[in-house]
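# Breakdown of the fold
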Amino acid sequence: MSTTVGTLTERSAAEVNEEIRALWLRSGGTLSVEQREEYQRLVLEWAAAPQPAEAA
């Protein structure tokens, strides 16, 4: 599976953030090497995800 942001399905920032939170909960606060790689991929996806518009 490719880990480049361009090949990922488009999810909202909130959806990706929820997955990041779940990863941290599963890890107990300490990420393994594999989990760290997943975290980095998720952060890149989150940064590229559509962000909600700010209220005026």
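Residues numbered from 1 in each chain as written. Predicted model: local features only at pLDDT ≥ 70, side-chain atom pairs only at ≥ 80, totals over all residues. Heavy atoms only, no water.

Quick look at the environment of Arg 36 now. Position of Arg 36 relative to the elements: it lies in helix α2 (residues 33-48). Along the primary structure Arg 36 and Leu 23 are separated by 13 residues, whereas in three dimensions their C-alpha atoms are 9.6 Å apart. (Helix = DSSP H or I, 4+ residues; strand = E, 2+ residues; numbered from the N terminus.)

Counting residues in each nonpolar core, the largest one holds five residues, listed as Val 16, Ile 20, Leu 23, Leu 31 and Leu 42. Sort the elements by how many residues they give to this core and helix α1 (residues 13-27) lands first, with three residues. (Core = buried A, V, L, I, M, F, W, Y, C linked by side-chain atoms within 4.5 Å. Buried < 20%, exposed > 50% of the residue type's maximum accessible area, 1.4 Å probe, protein only.)

Taking 1.5 Å of rise per residue, 15 residues should cover 21 Å, and α1 covers 21 Å from first to last C-alpha, within 8% of that figure. What α1 keeps buried is the set Ala 13, Val 16, Ile 20, Leu 23 and Ser 27. The arc that holds every buried residue of α1, seen down its axis, measures 80°, which confines them to one face. Relative to its buried face, α1 has exposed residues pointing more than 90 degrees away, namely Ala 14, Glu 18, Arg 21, Leu 25 and Arg 26. The elements touched by buried residues of α1 are α2. Phi turns positive one or two residues past the end of α1, at Gly 28, with a value near 75°. (Expected span 1.5 Å × (residues − 1). Arc of directions from axis to C-beta. Contact = heavy atoms within 4.5 Å.)

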